[in-house]
Each structure stands twice: as C-alpha cells, then as structure tokens.
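The chain contents come next:
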Amino acid sequence: MLETTALTCERGGWRLFSDVAIALQAGGLLRVRGANGSGKTTLLRTLAGLTRPAAGEVRWRGKALDSESRREILFLGHAAALKDELTVLENLEFSARLSGVGDLRFKDALERLGIARLADLPARYLSQGQRKRAALARLALSSGVPLWLLDEPFAALDDEAIAQLSALCASHLAAGGMLVLTSHQDVPIAAPDARAIELRG
Amino acid sequence: MMQAFAFIVRRELRLALRRKGDVLNVLVFFVVVASLFPLGVGPEPNQLRAMAAGVAWIAALLAALLSLPRLFAADYADGTLEQMLVSPQPLAVIVLAKTAAHWLLTGLPLALAAPLIGLQYDLPANALCVLLASLLIGTPVLSLLGAAGAALTLGVRGGGALLGLLVLPLFVPVLVFGAGAVTAALTGINPAAHLSLLGAFLAVSSLVGPWAACAALRVALD
C-alpha cells in the first residue's frame with residue numbers, strides 16, 4: 001500500500017540517504033533506525049508529504065500523495081502541537097477535528113494514555129512526558145486511519161506510557177493498520193509483519 | 001470545508017481570549033499613535049481635519065503590521081502548522097480561517113475605534129461614517145496581504161522588519177483610497193468611487209493573499 005521507489009533526500013545540499021525502497025502492506029510495521037542526523041525524521045516527513053524528495057517517489061495505494069491520501073495518513077512529529085493556553089481536552093479536540101477523524105470519544109482516548117485526570121489542565125502545566133502523552137492521545141481516536149508515521153514516539157515516556165503506546169500500536173497493526181516509526185529504543189510491538197530499515201549516508 | 005473554517009476561527013478566538021494582551025496591545029498602539037499627532041502638530045482645527053484620515057489609516061497600517069508576525073509564528077513553533085499541512089483540510093481554508101480570525105481580532109476593533117480617533121480631529125459625522133466604512137472594507141485587505149507576507153517571512157531571523165518592507169508597499173493603494181474616501185467626504189464629493197475601489201482591492205486580495213500564503217507555508221515547512 002505504501003511504496004517508495006529509489007527515494008533520495010537532501011537537506012541544505014547534504015545528501016542524507018539515497019535509494020531507499022520501502023514496501024509496506026496491511027499489518028506491516030517498519031522501524032527506521034540510524035544514527036543522529038542520518039535522516040530518520042526527513043524520511044518520515046517525506047512519507048507524510050511535507051518534504052519533497054530530491055529523487056524518487058512516495059506512492060500510497062499506487063498513486064502519488066494527494067489531498068485524498070492525507071485523510072489516510074497520520075503523522076506525529078517531534079513537536080507536540082499543543083497550545084499552552086488550551087486544556088489537554090481542547091487540544092485533543094482540535095487535533096482530532098483537524099485530522100478529520102470520526103471518533104470523538106476524547107475522554108476514552110485520554111484514559112488510554114493515562115492522562116484522563118489532566119483533561120481540564122492547560123497544557124502549559126504539563127511535564128515533557130505528559131505533553132507527549134497528550135499528543136499521542138490522538139492515536140487512540142485514529143484506528144480508522146490506516147497509516148501511522150510516528151517520529152520518536154517513545155521518547156520522554158515512562159515505562160507505563162511505553163506499555164500503553166505499544167499496546168495501542170499492536171492493536172492498530174492487528175486490525176490491518178500500518179506503522180512506520182523511528183526509535184532509538186527497541187520497544188517490542190506485536191506485529192504480524194515487522195521489518196527494519198537502517199539509514200546510512 | 002465550512003466546518004473546518006468555523007472550528008479554526010473558533011479556536012483562534014478562544015486562544016485570543018486566553019491571552020487578551022496581544023489583542024489589546026494592538027488596539028492601544030493604534031489609539032496612542034493616532035492621539036500623538038494632535039499633540040505634535042498643534043490644535044489648529046482645519047489642519048487637524050485635513051490630516052485626520054491619513055493619520056488614522058497610517059496608524060491602522062502600523063498596528064496591523066505589529067500583529068502580523070504572530071499570525072503563523074506560534075503555530076509554526078509548536079508544530080501545529082505542520083499538523084495543518086498534513087491534515088486533510090484544504091490549506092487554503094485553514095489560511096482563510098486564520099486570516100478571518102486575525103481581522104476579527106485586529107482590523108474590526110481598529111475600525112470600530114476609529115470614529116473615536118476622528119472625534120479628536122474634529123471630523124464631522126458624515127466623514128466619521130466614511131472613515132468607519134473605509135476601514136471596514138480596507139482592513140481585511142491588510143489581513144489578507146499581510147498573511148502572505150507573514151508566511152513568506154516565517155522562520156526568518158529579523159522577520160518582523162522584513163515583513164514591514166515586504167507588505168507596506170502593498171498597502172499603499174489601500175492607504176490612498178481609504179484616506180481619499182474620507183477626504184472626499186470632507187470636501188463634499190461622493191466617496192462611493194473610493195469605497196468601490198477599496199472593495200475591488202478586497203476582492204483581488206482575497207484571491208491572491210491566501211494563495212500566496214499557502215505556497216509560502218509549504219516552502220517554509222519543506
């Protein structure tokens with residue numbers, strides 16, 4: 001469903017990686033590994049359609065990325081995209097509406113990430129890990145979105161949150177979803193079809 | 001699509017309500033700048049009446065310029081803009097919604113405060129009405145073209161100064177016909193022609209502004 005052909009990316013004139021070929025089918029998990037600066041984030045942004053590749057192409061369901069495919073791809077980057085002035089619940093509500101997910105059980109989603117009691121707290125008062133959990137709560141609403149692209153989802157999370165997140169990912173994959181993630185930790189995720197790719201310059 | 005427009009406007013207004021300082025700053029700046037002129041120029045009524053429209057409009061341009069860098073900067077810094085670009089909502093609708101909210105929070109209050117400024121300059125009632133009308137039609141143009149400028153200077157160091165150099169020249173036609181409408185009313189000429197031209201600028205900039213802003217945002221986040 002997700003394919004890339006001879007993908008090459010550059011940042012500021014530097015070639016990060018070249019000839020990356022990915023083919024991901026329903027239920028597939030792809031771990032992107034590589035040293036700092038090897039282009040993991042750039043690869044994910046390219047798959048999300050944010051960054052243009054220097055060469056090659058990203059194809060989703062056999063077609064180039066377009067406004068239709070954006071409905072089926074969820075991208076969560078480093079930045080949590082939380083507004084300090086809004087409460088955790090308001091932030092989740094906005095990101096859910098923006099991404100057009102139909103599932104609006106916000107409280108349940110916060111419950112699954114263990115931050116239901118923080119729902120009415122402005123995001124300004126959250127710790128780094130809590131911010132991460134608040135951003136990830138959208139995943140609990142996005143089971144209908146086939147492809148998840150997660151950039152360092154386990155960073156700043158404690159053991160409990162890591163377990164909650166990997167359970168969420170496993171159930172997404174079991175339901176036929178697809179997942180691409182970058183991570184320095186090898187967090188076990190139950191997947192019917194798990195692969196890894198190593199980025200080298 | 002209308003739904004996306006509505007919830008983004010609602011969110012912007014809610015955010016503004018939680019940090020009222022930003023909105024008040026712009027309004028107070030406008031009032032203070034416009035009130036400084038009579039103090040500097042002296043209380044000669046004919047002179048004040050003649051310069052009233054120009055002063056009110058220039059103060060409005062500067063106040064708009066003060067507020068523009070924030071239009072996309074916060075969303076850019078915290079990653080919301082990235083989420084907006086990957087979302088299935090059309091980027092043009094998102095940009096239009098943010099621009100509309102910007103006008104509701106800056107242009108509209110400025111326009112409504114302008115008759116108060118006009119009183120300081122001894123403007124007659126008909127000229128006050130024309131000043132209000134010209135600002136109501138003209139300030140959305142500032143938000144629309146300003147959005148394109150704000151998107152182009154996003155993430156650039158010293159972007160605020162660059163933004164001024166970029167958009168102030170574009171504001172010139174609005175200034176000329178906005179202030180011209182009030183002057184026409186003062187001299188007994190029908191200001192309808194000036195206001196119609198302002199309306200034409202509004203129509204053109206509502207097409208060009210969001211389109212340019214979308215293209216610039218995509219480049220800024222590449």
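Residues numbered from 1 in each chain as written. Chains lettered and ligands numbered in written order. Predicted model: local features only at pLDDT ≥ 70, side-chain atom pairs only at ≥ 80, totals over all residues.

**Examining the packing of helix α3 (residues 45-67) of chain B against helix α8 (residues 159-186) of chain B**
All names here are of chain B. Rules: In this analysis an axis means a line fitted to C-alpha atoms, helices contributing only their contacting stretch, and an angle means the value between N-to-C directions, from 0 to 180 degrees. The helix count covers DSSP runs of H or I at least four residues long, the strand count covers runs of E at least two residues long, and both are numbered beginning at the N terminus. In this scheme, roughly parallel covers angles under 35 degrees and roughly antiparallel covers those over 145, while 65 to 115 is roughly perpendicular and the rest are oblique. Each crossing gets its handedness from the near helix: less than a right angle anticlockwise from the far helix is left-handed, clockwise is right-handed. Think of it this way: build a C-beta for each residue from its backbone, and any pair within 7 Å is a contact.
For the pair α3 and α8, interaxial distance at closest approach is 9 Å and the crossing angle is 150°. When the axis of α3 is compared with that of α8, the two are roughly antiparallel. By crossing handedness, the relation of α3 to α8 is classed as right-handed. Residue-level contacts link Arg49, Ala52, Ala53, Gly54, Trp57, Ile58, Leu61 and Leu65 of α3 to Leu163, Gly164, Leu168, Phe171, Leu175, Gly178, Ala179, Val182, Thr183 and Leu186 of α8.

**Points about the interface of chain B and chain A**
Rule in force here: Charged means Asp, Glu, Lys or Arg here, nonpolar means Ala, Val, Leu, Ile, Met, Phe, Trp, Tyr, Cys or Pro, and polar covers whatever is left, Gly included.
Contact with chain B, which involves 19 residues of that partner, is made by 22 residues of chain A. Elements represented by at least two residues in the side of chain B that touches chain A include exactly α1 (2-18) and α5 (80-86) of chain B. Among the elements that line the side of chain B that touches chain A, the one with the most residues is α5(B), at six residues. Here the residues of the side of chain B that touches chain A sort into eight nonpolar, five polar and six charged.

**Concerning the sheet that holds strand β1 (residues 2-11) of chain A**
Residue and element names in this part refer to chain A. Heads up, the condition is: By the convention used here, strands pair only if DSSP detects at least 2 bridges between them.
Taken together, four strands build an open sheet; the order of strands is β2-β1-β4-β5 and the sheet is antiparallel. Taken across any chain shown, the strands that pair with only one partner, and hence form the sheet edges, are β2 (14-24) and β5 (63-64). In the sheet, β1 pairs with strand β4 (residues 55-60) via five bridges, with the strands oriented antiparallel. Paired with Glu3 across the bridge in β4 is Arg59. Helix α1 (residues 40-48) contacts β1, β2 and β4 of the sheet and is inclined by roughly 125° relative to β1.

**A short note on helix α3 (residues 88-99) of chain A**
Because an α-helix completes one turn every 3.6 residues, residues spaced three or four positions apart along the sequence face the same direction. Basically, it comes down to this: By definition here, a helix of n residues has an expected span of 1.5 Å times n minus one. Every C-beta atom is placed from the backbone, and the number of other C-beta atoms within 10 Å of a residue's own sets its class: buried at 20 or more, exposed at 12 or fewer, partly exposed in between.
Helix length check: α3(A), at 12 residues, gives a terminal C-alpha distance of 17 Å against a target of 16 Å (1.5 Å per residue), a fit within 8%. Counted residue by residue, α3(A) has 10 buried out of 12 residues, so it is predominantly covered. Among all positions of α3(A), only A:Val88, A:Leu89, A:Glu90, A:Asn91, A:Leu92, A:Phe94, A:Ser95, A:Ala96, A:Leu98 and A:Ser99 are buried. The inward-facing, buried residues of α3(A) contact β6 (73-76), α4 (106-112) and α5 (128-136) of chain A together with α1 and α5 of chain B. A:Gly100 sits one or two residues past α3(A) and shows a positive phi near 70°.

**With respect to α3(B)**
All names here are of chain B. To keep it simple, the criterion reads: To get the bend at a residue, fit one axis to the 7 residues ending there and another to the 7 starting there, then take the angle between the axes.
Between the first and last C-alpha of α3 there are 32 Å, a value that for 23 residues agrees with the 33 Å anticipated at 1.5 Å per step. Of all bends in α3, the biggest is about 45°, found at Met51. Restricting attention to buried positions, one finds in α3 the residues Ala52, Ala53, Val55, Ala56, Trp57, Ala59, Ala60, Leu61, Ala63, Ala64, Leu65 and Ser67. On its buried face, α3 is in contact with α2 (20-41), α4 (70-77), α6 (91-120), α7 (125-152) and α8.

**Quick notes on the pairing of strand β7 (residues 147-151) of chain A**
All names here are of chain A. Selection criterion: Look down the strands so they point away from you; if going from the first strand over the helix to the second traces a clockwise path, that crossover is right-handed.
The buried fraction of β7 amounts to five of the five residues, a majority that puts the element mostly inside the structure. Of the two faces of β7, both are covered, the one formed by Leu147, Leu149 and Asp151 as well as the one formed by Trp148 and Leu150. As defined by bridge partners, β7 adjoins strand β8 (residues 178-182) across five bridges and the pair is classed as parallel. Looking across to β8, one finds that Leu150 is bridged to Leu181. Considered for its hand, the β-α-β crossover made up of β7, helix α6 (residues 159-174) and β8 is right-handed.

**So, the domain arrangement of chain A**
Residues and elements named next belong to chain A. We apply this condition: Domain delimitation follows an automatic or database domain assignment.
Considered domain by domain, chain A is made up of domain 1 (1-72 + 146-201) and domain 2 (79-138). The C-alpha-based centres of domain 1 and domain 2 are spaced at 23 Å. Taken together, the contact pairs 10 residues of domain 1 with nine residues of domain 2. Classifying every residue of the side of domain 1 that touches domain 2 by side-chain character gives six nonpolar, one polar and three charged.

**Observations concerning unusual backbone geometry**
If a residue is not glycine, its phi is most likely negative; likewise, a peptide bond is most likely trans. Residue and element names in this part refer to chain A. In the Ramachandran plot, Asp19 falls in the positive-phi region, its phi being about 55° despite a non-glycine side chain. Residue classification places Asp19 among the exposed positions, given that 11 C-beta atoms sit within 10 Å. With a phi angle near 70°, Ala156 is a residue other than glycine that sits in the positive phi range. Its location among the elements puts Ala156 in the loop between β7 and α6. We classify Ala156 as partly exposed; it has 15 C-beta atoms within 10 Å.

**Examining the confidence of the model for chain B**
Parts of the prediction with low pLDDT should not have their coordinates interpreted in detail. Residues and elements named next belong to chain B. Under the convention used in this document: What pLDDT conveys is the predictor's confidence in a given residue, as a value from 0 to 100.
Summarising the model, chain B shows a mean pLDDT of 93, and 100% of its residues fall at 70 or more. Ranking the elements of chain B by mean pLDDT puts α4 last with 92 and α7 first with 96. Reported confidence for the predicted complex is 0.91 by ipTM and 0.92 by pTM.

**Quick notes on the nonpolar core**
Going by this rule: As used throughout, a nonpolar core is a set of buried Ala, Val, Leu, Ile, Met, Phe, Trp, Tyr and Cys residues joined through C-beta atoms within 7 Å of each other.
The biggest cluster of nonpolar side chains holds 130 residues, and the ones touching the most others in it are A:Ala134, A:Leu149, B:Ala56, B:Ala60, B:Leu131 and B:Ala151. Both of domain 1 (1-72 + 146-201) and domain 2 (79-138) of chain A provide at least three residues apiece to this core. Once residues lying within four places of it in the same chain are set aside, the contact partners of B:Ala60 are B:Phe30, B:Leu110, B:Leu135 and B:Thr139.

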